[in-house]
Amino acid sequence: MPTPSMEDYIEQIYLLIENKGYARVSDIADALSVHPSSVTKMVQKLDKDEYLVYEKYRGLVLTPKGKKIGKRLVDRHELLEQFLKIIGVKEENIYQDVEGIEHHLSWNSIDRIGDLVQFFEENPKRSEELKQLQVKNESVE
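Residues numbered from 1 in each chain as written. Predicted model: local features only at pLDDT ≥ 70, side-chain atom pairs only at ≥ 80, totals over all residues. Heavy atoms only, no water.

Student: Sorry, what's going on with the confidence of the model for the protein here?
Tutor: Detailed reading of the predicted model is not advised wherever pLDDT is low. Mean pLDDT over the protein works out to 92, with 99% of the residues at or above the 70 mark. Per-element confidence in the protein is highest for helix α4 (residues 64–86), whose mean pLDDT is 96, and lowest for helix α7 (residues 124–140), whose mean pLDDT is 81. (pLDDT = per-residue confidence, 0-100. Helix = DSSP H or I, 4+ residues; strand = E, 2+ residues; numbered from the N terminus.)

Student: I tried to follow unusual backbone geometry on my own but got confused; where do I start?
Tutor: Most peptide bonds are trans, and most residues other than glycine sit at a negative phi. Non-glycine residue serine 33 carries a positive phi angle of around 55°. The topology assignment puts serine 33 in the loop between α2 (25–32) and α3 (36–48). Of note, the phi angle at glutamate 50 is positive, near 65°, even though the residue is not glycine. A residue is classified by how much of its surface remains accessible, and glutamate 50, at 52% relative accessible area, is exposed. (Buried < 20%, exposed > 50% of the residue type's maximum accessible area, 1.4 Å probe, protein only.)

Student: What's the story with the packing of helix α1 (residues 4–20) against α2 in this structure? I'm lost.
Tutor: The geometry of a pair of packed helices is captured by two quantities: the angle between their axes and the separation between those axes. Relative to each other, α1 and α2 sit at 115°, their axes nearing to 10 Å. Read as a crossing pair, α1 and α2 show a hand that is right-handed. Together, Asp8, Tyr9, Gln12, Ile13, Leu16 and Lys20 of α1 and Asp27, Ile28, Ala31 and Leu32 of α2 make up the contact between the two elements. Residues belonging to the contact of α1 with α2 are distributed by class as follows: six nonpolar, one polar and three charged. (Axes fitted to C-alpha atoms, helices over the stretch in contact; angles between N-to-C directions. Left-handed = near helix turned anticlockwise from the far one by under 90°. Contact = heavy atoms within 4.5 Å. Nonpolar A, V, L, I, M, F, W, Y, C, P; charged D, E, K, R; others polar.)

Student: What's the story with the packing of α4 against helix α6 (residues 107–122) in this structure? I'm lost.
Tutor: Two elements in contact, α4 and α6, have axes whose closest approach is 10 Å; the angle formed by their N-to-C orientations is 50°. Considering their axes alone, α4 and α6 lie oblique with respect to each other. In this structure, α4 meets α6 at a crossing whose hand is left-handed. In this structure, α4 contributes Arg72, Leu73, Arg76, Leu79, Leu80, Gln82, Phe83 and Ile86 to the contact, and α6 contributes Trp107, Ile110, Ile113, Gly114, Leu116, Val117, Phe120 and Glu121. For the contact of α4 with α6, a count of residues per class yields 11 nonpolar, two polar and three charged. (Parallel < 35°, antiparallel > 145°, perpendicular 65-115°, else oblique.)

Student: Explain the nonpolar core here, please?
Tutor: A general feature of soluble globular proteins is that nonpolar side chains tend to end up buried together. Counting 34 residues, the largest nonpolar core has Ile13, Ile28, Val39, Val43, Leu46, Leu52 and Leu60 as the members making the most contacts within it. Contributing elements (two or more residues each) for this core: α1, α2, α3, β1 (52–55), β2 (59–62), α4, α5 (91–101) and α6. For this core, the element with the highest residue contribution is α4, accounting for eight residues. (Core = buried A, V, L, I, M, F, W, Y, C linked by side-chain atoms within 4.5 Å.)

Student: What is the right way to look at α4 in this model?
Tutor: Since the α-helix turns once every 3.6 residues, residues separated by three or four places project in the same direction. Taking 1.5 Å of rise per residue, 23 residues should cover 33 Å, and α4 covers 33 Å from first to last C-alpha, within 8% of that figure. All buried positions along α4 are accounted for by Gly66, Ile69, Gly70, Leu73, Val74, Arg76, His77, Leu79, Leu80, Phe83, Leu84 and Ile86. One or two positions beyond α4, positive phi appears at glycine 88, with a value near 90°. (Expected span 1.5 Å × (residues − 1).)

Student: Teacher, can you tell me more about the packing of aromatic side chains here?
Tutor: Ring pairs (aromatic) are described by centroid distance and by the angle formed between their planes. Summed over all chains, the structure comprises one aromatic pair. It is arginine 72 that lies over the ring of tryptophan 107; its NZ or CZ is 3.8 Å from the centre. (Phe/Tyr/Trp six-rings, centres within 6.5 Å; stacked < 30°, edge-to-face > 60°. Lys NZ or Arg CZ within 6 Å of the ring centre and 35° of its normal.)

Below you can see the structure in the form of structure tokens.
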């Protein structure tokens, strides 16, 4: 399995390729707020570990292995955002919270969160009850 740092790069590369059709070192550096030299080092490591194919000055492409994990990482991120919205986390906190927890949960936990999100989507009445409970608890504080 890739490290949390590798996951961030794979996820970002996947998103860039999905949205723009390509991912350049400069695009990745901008998206992750890191120096291009750091991106080059990580891309070389991801190439060595067969998540992507990198040719200096020519760009990079994700391997099937890289695409698969990239999609899974993007799905995990979106699921956690959904979950935090459902449980009433303030919108301005969601992105940072997801970034803080996504690498620290097992895939088993992610799957269970997926089940819970699905439950609330299929049972809007329960979702509304949760929101009412939150309003009640906030008024007590």
